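# Breakdown of the fold
Next come the chains, spelled out residue by residue.
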Amino acid sequence: MKEKTPNKLKILNDPIYGFIQIPNSLIFDIIEHPYFQRLRRITQMGFSNLVYPGANHTRFHHAIGCMHLMQKAINVLRFKQVEISDEEKNALCLAILLHDIGHGAFSHALENSIVSGISHEEISLKFMKKLNEEFDGKLDLAIEIFEGKNPRKFLYQLISSQLDIDRLDYLKRDSFYTGVTEGNVSSDRLIAMMNVKDDQLVIEQKGIYSVEKFIIARRLMYWQVYLHKTGLVAENILVNVLKRAKELAEKGTNLYCSSALKYFLYNQISENNFTEETLEMFSKLDDYDILAAVKEWVHHEDCVLSLLSSMIVDRKLLKIEMQQDAFSENYFIKKREKAMKQLHLSNKEVDYFVFHQKISNQAYNLKVPVYILSKKGNLEDIAKASDQLNLQALTIPVVKHFICYPK
């Protein structure tokens with residue numbers, strides 16, 4: 001009997017877009033690969049679920065959604081006589097599908113603690129190059145576009161710009177799962193208004209109000225969701241948990257953790273020594289490793305590690321204050337002294353519990369403008385084309401200062 005070949009043109013059911021079709025067998029095989037399946041075990045929004053209980057969606061959801069929107073965008077551009085070959089279409093779908101594959105567990109927390117000096121974009125590229133070897137060079141063009149090395153500039157802008165496919169999906173998806181309706185952008189409308197002029201990805205004039213809403217929605221989502229103070233303090237506590245664990249590991253303290261997490265705790269990993277072995281270990285590290293370790297560290301004899309871990313497990317977080325101006329040094333010192341007495345901490349240990357930082361967000365960056373294509377065929381920056389006065393205000397970065405300390 002002839003062996004049946006599996007059907008690789010599967011359909012996935014997405015709560016936002018409905019049915020999503022996997023376009024070809026190569027993309028199916030990439031999705032099936034362990035590197036990509038790992039994204040099922042990495043939450044899209046870190047600790048935002050401590051504020052918005054529904055925010056438990058993963059990077060896997062987001063990547064699949066991006067691939068779906070990319071197919072829509074390509075169909076729209078082709079309909080408007082923009083030449084995109086089948087090879088370029090496939091490369092764009094692969095590039096957007098894999099754009100987040102290098103994210104570590106709990107996203108940015110890992111970048112700041114146990115892996116230093118290398119961004120998730122650089123790790124994504126390493127994964128893509130490794131997959132390219134396994135798939136006999138079929139990702140060559142996708143990598144070229146992802147790195148911005150392709151001569152057709154608009155292809156890269158679909159992957160990474162101020163109005164790219166990535167943002168169109170995550171704003172809509174994160175808005176859906178958090179229930180924060182202010183972020184619900186009309187991705188269909190924005191994609192329908194896309195065009196290409198002088199090798200630039202542009203939005204036709206009819207779509208100007210959709211772009212305005214998109215920029216404002218992004219600002220609201222950043223301050224209301226992504227930079228929400230509870231999510232911020234939880235992420236910073238996790239960063240400190242991992243820093244403390246790494247400090248103890250360097251002293252030879254035995255820590256309960258998975259083999260993947262152990263590799264990163266007991267070795268100094270940076271850009272210079274990020275080898276193929278490191279990449280393999282990184283591909284085995286996800287949210288589950290971190291949470292399992294943190295749950296166990298609640299009972300560790302080191303009081304700093306134990307206390308920080310229990311704060312995350314029990315959601316008994318540090319107090320956080322946020323304001324426009326920097327906190328005075330005197331105020332910071334008082335909080336330190338109080339925490340040292342309250343928790344019986346040394347001068348060095350208190351750094352894990354009392355700290356201050358600043359965060360900033362710029363809703364619209366004039367350096368990489370979104371161009372509006374007028375009916376006469378001219379290009380104009382949305383900040384100038386818009387009659388919304390507050391769009392100009394959104395070009396100014398907003399900086400906020402915060403301080404964390406025990407309650």
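See above for the structure.
A brief structural summary. Computed from a prediction, not measured in an experiment: that's the story for all the values here.

### Observations regarding the sheet that holds strand S10 (residues 379-381)
- Spatially, the four strands line up as an open sheet ordered S4-S5-S9-S10, and their pairing is mixed. Single-partner strands in this sheet number two, and they are strand S4 (194-197) and S10. For this sheet the average axis-to-axis angle between neighbouring strands, irrespective of direction, equals 50°.
- In terms of strand pairing, strand S9 (residues 371-373) meets S10 through three bridges, oriented antiparallel. Pairing of Leu-373 across the sheet is with Leu-379, part of S10.

### As for the packing of helix H9 (residues 165-178) against helix H11 (residues 208-226)
- With their axes 11 Å apart at the nearest point, H9 and H11 run at an angle of 50° to one another. Considering their axes alone, H9 and H11 lie oblique with respect to each other. Regarding H9 and H11, the two cross each other, and that crossing is left-handed. Residues Arg-167, Leu-168, Tyr-170, Leu-171, Asp-174, Ser-175 and Thr-178 of H9 form the contact with H11, whose own contacting residues are Phe-214, Arg-218, Met-221, Tyr-222, Val-225 and Tyr-226.
- Of the residues belonging to the contact of H9 with H11, the class tally is eight nonpolar, two polar and three charged.

### Overview of unusual backbone geometry
- The phi torsion at Gln-81 lies on the positive side, around 70°, for a residue other than glycine.
- The residue Gln-81 is located in the loop between helix H3 (59-79) and helix H4 (86-97) in this model.
- Although it is not a glycine, Arg-315 sits at a positive phi angle of roughly 55°.
- Mapped onto the elements of the fold, Arg-315 is located in the loop between helix H16 (303-313) and strand S7 (319-323).
- Classification of Arg-315 by relative accessible area gives partly exposed; the value is 40%.

### Re the pairing of strand S1 (residues 11-14)
- Pairing of S1 with strand S2 (residues 18-21), which is carried by four bridges, proceeds in the antiparallel orientation. The partner of Asn-13 across the bridge, within S2, is Phe-19.

### A look at the packing of aromatic side chains
- The tally for this structure, following the rule as stated, stands at eleven aromatic pairs.
- Centre to centre, the rings of Tyr-222 and Tyr-226 are 4.9 Å apart; their planes meet at 65°, and the pair counts as edge-to-face. Here Tyr-222 and its partner Tyr-226 are both found in helix H11, four residues apart, which amounts to about one turn of the helix.
- Taken together, a centroid distance of 5.9 Å and an interplanar angle of 15° make the contact between Phe-327 and Tyr-331 stacked.
- Owing to a relative accessible area of 15%, Phe-327 belongs among the buried residues under this scheme.
- Taken together, Tyr-35, Phe-127, Tyr-263, Phe-264, Phe-274 and Phe-282 form an aromatic cluster joined through their ring pairs.

### A short note on helix H17 (residues 329-343)
- Spanning 15 residues, H17 covers 21 Å between terminal C-alpha atoms, matching the ideal 21 Å at 1.5 Å per step.
- Three or more residues of H17 are buried, namely Phe-332, Lys-335, Arg-336 and Ala-339. Viewed end-on, H17 has its buried residues packed into an arc of 100°, placing them on one side of the element. Of the exposed residues in H17, those oriented more than 90 degrees away from the buried face are Lys-334, Lys-338 and Lys-341.
- In this structure, the buried residues of H17 make contact with S7, strand S8 (355-361) and strand S11 (398-405).
- Positive phi shows up at His-344, right after H17, with a value of about 55°.

### What to know about the side chain of Asp-14
- Locating Asp-14 in the fold gives a position in strand S1.
- The exposure class assigned to Asp-14 is buried, which follows from its relative accessible area of 7%.
- A polar contact of 3.0 Å, which involves the side chain of Asp-14, links it to the backbone nitrogen of Tyr-17.
- Those residues in contact with Asp-14, other than ones at most four positions away along the chain, are Ile-20 and Arg-173.

### Some words on the pairing of S11
- Most of S11 is tucked away, with six of its eight residues classed as buried.
- In the sheet, S8 pairs with S11 via seven bridges, with the strands oriented antiparallel. Each bridged residue has a counterpart across the sheet, and for Ile-359 the counterpart in S11 is Lys-400.

What counts and what doesn't
- Residues numbered from 1 in each chain as written.
- Predicted model: local features only at pLDDT ≥ 70, side-chain atom pairs only at ≥ 80, totals over all residues.
- Heavy atoms only, no water.
- Pairing = 2+ DSSP bridges.
- Helix = DSSP H or I, 4+ residues; strand = E, 2+ residues; numbered from the N terminus.
- Axes fitted to C-alpha atoms, helices over the stretch in contact; angles between N-to-C directions.
- Parallel < 35°, antiparallel > 145°, perpendicular 65-115°, else oblique.
- Left-handed = near helix turned anticlockwise from the far one by under 90°.
- Contact = heavy atoms within 4.5 Å.
- Nonpolar A, V, L, I, M, F, W, Y, C, P; charged D, E, K, R; others polar.
- Buried < 20%, exposed > 50% of the residue type's maximum accessible area, 1.4 Å probe, protein only.
- Phe/Tyr/Trp six-rings, centres within 6.5 Å; stacked < 30°, edge-to-face > 60°.
- Expected span 1.5 Å × (residues − 1).
- Arc of directions from axis to C-beta.
- Polar contact = N/O pair within 3.5 Å; in protein donor to acceptor, adjacent residues only side chain to side chain.

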